[in-house]
Amino acid sequence: MPTDLRLPTNAIVQPDKDRFLNEDNPFEAMMSRFDRAAELLDLEPGLYKVLRKPEKQLIVSCPVMMDNGEIEVFTGIRVLYNTSRGPAKGGIRFDTQVTLDEVTALAAWMTWKCAVVNVPFGGAKGGVICDPLKMSAGELERLTRRYTSGIMQLLGPDSDVPAPDVNTNERVMAWIMDTYSMQMRHTVTAVVTGKPIEMGGSLGRREATGRGCMFVVKEALAHLGMSVKGTTVAVQGFGNVGSVSAQLLAREGCKIVAIGDRSGAIYNPAGIDIDDAIAYVKKHKVLEGYGKGEKISNDDLLTLDVDVLVPAALENVITTKNAPKIRAKIICEGANGPTTAAADAILDEKGIFVIPDILANAGGVTVSYFEWVQDRGGYFWSEDTVNERLRDLMVKSFRDVLELSKQHKVNMRTAAYMLSISRVATVHRLRGIYA
Ligand code: NAD
């Protein structure tokens, strides 16, 4: 077990700063961007201290009766990073690699992401250390319910609203919603987002992150005086974010020349039929064997001579090693944290226009916000309404960030952090310190 998880269970613990001193950990990578923006904003020392700390970190032990009759004890984490602007919002992941540092970094990311698109949420993240691929549906349901029960003190439509993340889905959200509702003695749909449509989910949520990427890529192309028609695009990751980004950019007239997933990548300079590739992956689970292009590696995909690169798979794929070789004019960060902090400077030097993750992939949390609004209002919108409101918010957020980047002569990432930190800081100043 990682040392950072040897903490009291079922207790809200105060974070210990020393755990965050390792340069390589995701919290530090995110915080180095935070620090730069805070310095440019001339953030007062007191507020700097407040915003550099998570509000709450809860670690719970989750005993689960396994199918073979034995009891397994899983560790679950929920971190509320900052709730000054509204209820905490952030996904729950089930994964063997979950650590407190990672969950904390992702919770901070959610705080800045919600603020950059100006939705009235704070940031949170959760995780359970487990291997869901080796668990039966019954075991997963019992684990989900026990974890939900363990973090019950945080949850609620006005306090903390989870969503799906790595290895969790609308089925898991339905179990969380049901467990919470059973405890409350009435149905509370707004306690999670990313639910099945039949029980209060929103139309358009599944495609929202990729759709948001499409909107900001179009804005970036317009800003750089490039036309959408014929723009060449390479997309790494062909799951929810990657495949929808590729599909919608193709519908707008872009030429998707490369796509890749965990099984490898394919390149076709004449353009790939994305609907056809999606149908293939639906049937075969992975792109492997999809013969309509030249087989290339995922590393090759990143350095192709294209107009737009969309990393939509993993963290830390653009590093100091490959950044000097990247030829795209625009990078749209569909994934969370695809670029290391050290690679930022290289991309800047090369004049690559980076649409940072906290802006580029904020379409998902934006429609999660719409889902929460619809649940609370008990009135559901058409898919067109959802998509139009998403477009308005993404376009406005892109333009706000661009304006700030011009004003302060900084890149889009720093501007996005400046915008979000200043929004969170303003609310802290207005609210004052409760004593
Ligand atoms: P997903 O599981 O649907 O898809 C992930 C894709 O990445 C798959 O095609 C997988 O094969 C591919 N992949 C995995 N390992 C790879 C590797 N080593 N090389 C190349 N490709 C690899 O996940 P998703 O929901 O599309 O999320 C992708 C990224 O976007 C993650 O960073 C996630 O945190 C971020 N994100 C997702 C959403 C959302 O609404 N789904 C919102 C914001 C951010």
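Residues numbered from 1 in each chain as written. Predicted model: local features only at pLDDT ≥ 70, side-chain atom pairs only at ≥ 80, totals over all residues. Heavy atoms only, no water.

### What to know about the overall build of the chain
Phase 1: Looking only at helices and strands, the chain has 14 helices and 13 strands in total.
Phase 2: The C-alpha atoms of the chain give a radius of gyration of 21 Å, which matches the 22 Å a tight globule of 435 residues would have.
Phase 3: By the burial criterion, 58% of the 435 residues in the chain qualify as buried.
Phase 4: A separation threshold of at least 6 residues defines the contact pool for the chain, and within that pool the share at least 24 residues apart is 69%.
Phase 5: Looking at charge distribution, the chain has the averaged site of its 51 positive side-chain charges lying 3 Å from that of its 53 negative ones. (Helix = DSSP H or I, 4+ residues; strand = E, 2+ residues; numbered from the N terminus. Rg over C-alpha atoms; globule rule 2.2 N^0.38 Å. Buried < 20%, exposed > 50% of the residue type's maximum accessible area, 1.4 Å probe, protein only. Contact = heavy atoms within 4.5 Å. Lys, Arg positive; Asp, Glu negative; His and termini not counted. Charge placed at Lys NZ, Arg CZ, Asp CG, Glu CD.)

### Details of helix H7 (residues 240–251)
Residues that lie three or four places apart on an α-helix share one face, since the helix turns once every 3.6 residues.
Phase 1: Here H7 is twelve residues long and its end C-alpha atoms lie 17 Å apart, about the 16 Å a rise of 1.5 Å per residue gives.
Phase 2: Taken together, the buried positions of H7 are occupied by Val241, Gly242, Ser243, Val244, Ser245, Ala246, Gln247, Leu248 and Leu249.
Phase 3: Residues of H7 that are buried in the fold lie against helix H6 (208–223), strand S7 (232–236), strand S8 (255–261), helix H8 (274–284) and strand S11 (308–311).
Phase 4: A positive backbone phi angle near 115 degrees is found at Gly253, which sits one or two residues after H7. (Expected span 1.5 Å × (residues − 1).)

### Comments concerning the state of the cysteines
Phase 1: What the rule picks out here adds up to zero disulfides.
Phase 2: Cys114 carries a free sulfur, and the closest cysteine sulfur to it, the one in Cys213, is 16 Å from it.
Phase 3: Take Cys254: it sits in no disulfide, and the sulfur closest to it among the cysteines is that of Cys332, at 11 Å. (Disulfide = S-S within 2.5 Å.)

### Thoughts on the nonpolar core
Phase 1: By size, the foremost hydrophobic cluster in this structure holds 92 residues, and its most contacted members are Leu51, Trp112, Ile256, Ile259, Ile355 and Phe398.
Phase 2: Taken domain by domain, this core gets at least three of its residues from each of domain 1 (26–36 + 55–199) and domain 2 (208–360).
Phase 3: When residues no more than four places from it in sequence are discounted, the contact partners of Ile355 are Val216, Val217, Ala220, Ile330, Ile331, Cys332, Glu333, Ala360 and Phe398.
Phase 4: In terms of nonpolar packing, the next biggest core, distinct from the first, is built from 30 residues, Cys62, Leu143, Met177 and Val192 among them. (Core = buried A, V, L, I, M, F, W, Y, C linked by side-chain atoms within 4.5 Å. Domains from an automatic or database assignment.)

### Re the packing of aromatic side chains
Phase 1: On inspection of all chains with the given rule, the structure shows ten aromatic pairs.
Phase 2: Relative to Trp112, the ring of Tyr81 has its centre 6.1 Å away and its plane inclined at 70 degrees; by these criteria the two rings are edge-to-face. Note that Tyr81 is positioned in strand S3 (residues 71–82) and Trp112 in helix H3 (residues 100–116), a separation of 31 residues in sequence. Each member of the pair, Tyr81 as well as Trp112, is classed as buried.
Phase 3: The interplanar angle of 45 degrees and the centroid separation of 5.9 Å between the aromatic rings of Tyr369 and Phe370 together place this pair among those described as tilted.
Phase 4: Every member of this aromatic cluster is reached through a ring pair, and the members are Phe121, Tyr369, Phe370, Trp372 and Trp381.
Phase 5: Arg389 extends its terminal NZ or CZ atom over the ring of Trp381, reaching a point 4.3 Å from the ring centre. (Phe/Tyr/Trp six-rings, centres within 6.5 Å; stacked < 30°, edge-to-face > 60°. Lys NZ or Arg CZ within 6 Å of the ring centre and 35° of its normal.)

### Details of the site of the ligand
Phase 1: Close contacts around the ligand come from 18 residues, with Thr209, Phe238, Asn240, Val241 and Arg262 the closest.
Phase 2: Interatomic distance of 3.1 Å between a backbone N/O atom of Gly239 and an oxygen atom of the ligand.
Phase 3: Taken together, the residues of the shell around the ligand sort by class into six nonpolar, eight polar and four charged. (Near = heavy atom within 4 Å. Polar contact = N/O pair within 3.5 Å; in protein donor to acceptor, adjacent residues only side chain to side chain. Nonpolar A, V, L, I, M, F, W, Y, C, P; charged D, E, K, R; others polar.)

### A short note on the domain arrangement of the chain
Phase 1: Each assigned domain of the chain is listed here: domain 1 (26–36 + 55–199) and domain 2 (208–360).
Phase 2: Between domain 1 and domain 2, the contact holds ten residues from the first and ten residues from the second.
Phase 3: The junction of domain 1 with domain 2 conceals about 840 Å² of combined surface from both sides, 53% of it contributed by carbon and sulfur atoms.
Phase 4: Broken down residue by residue, the surface that domain 1 buries against domain 2 is led by Arg33, Trp109 and Lys113, which jointly contribute 57%.
Phase 5: Between the two partners, domain 1 and domain 2, sit one salt bridge. (Buried area = accessible area lost by both parts, 1.4 Å probe. Salt bridge = Lys/Arg side-chain N within 4 Å of Asp/Glu carboxyl O.)

### What about the side chain of Asp375?
Phase 1: By the secondary structure assignment, Asp375 is in helix H12 (residues 363–377).
Phase 2: Among the polar contacts made by the side chain of Asp375, one reaches the side chain of Lys195 at a distance of 2.6 Å.
Phase 3: The residues touching Asp375, leaving out its near neighbours within four places in the chain, are Thr189, Ala190, Val192, Lys195, Gly200 and Phe380.

### Examining empty space enclosed by the protein
Phase 1: Summed over all chains, the structure comprises one cavity of 30 Å³ or more.
Phase 2: In this structure, the largest cavity spans a volume of roughly 40 Å³.
Phase 3: In this structure, the largest cavity is lined by Asp344, Leu347, Asp348, Val354, Asn411 and Arg413.
Phase 4: If one sorts the elements of the lining of the largest cavity by residue count, helix H10 (residues 341–349) sits on top with three residues.
Phase 5: Residues of the lining of the largest cavity, tallied by class, amount to two nonpolar, one polar and three charged. (1 Å grid on protein atoms, 1.4 Å probe; cavity = no way out; pocket = protein on both sides within 12 Å on 5 of 7 lines; lining within 4 Å. Points joined across faces, edges and corners; volume = space filled by probe spheres on them.)

### Thoughts on the sheet that holds S8
Phase 1: The strand order across the open sheet formed by seven strands is S10-S9-S8-S7-S11-S12-S13, and the pairing between neighbours is mixed. Each edge of the open sheet is held by one strand with a lone partner, namely strand S10 (294–296) and strand S13 (353–355). Averaged over all adjacent pairs, the angle separating strand axes in this sheet is 20 degrees, with direction ignored.
Phase 2: Where strand S9 (residues 264–267) meets S10, three bridges bridge the pair, whose relative direction is antiparallel. The partner of Ile266 across the bridge, within S10, is Lys295. (Pairing = 2+ DSSP bridges. Axes fitted to C-alpha atoms, helices over the stretch in contact; angles between N-to-C directions.)

### What to know about the packing of H6 against helix H13 (residues 383–408)
Phase 1: Relative to each other, H6 and H13 sit at 45 degrees, their axes nearing to 9 Å. Here H13 runs oblique to H6, going by the angle between their axes. Pair H6 / H13 crosses with right-handed handedness. Of H13, the residues touching H6 (which contributes Ala208, Arg211, Gly212, Phe215, Val216, Glu219, Ala220 and His223) are Asn387, Leu390, Arg391, Met394, Val395, Phe398, Arg399, Leu402 and Lys406.
Phase 2: A per-class count over the contact of H6 with H13 returns nine nonpolar, three polar and five charged. (Parallel < 35°, antiparallel > 145°, perpendicular 65-115°, else oblique. Left-handed = near helix turned anticlockwise from the far one by under 90°.)

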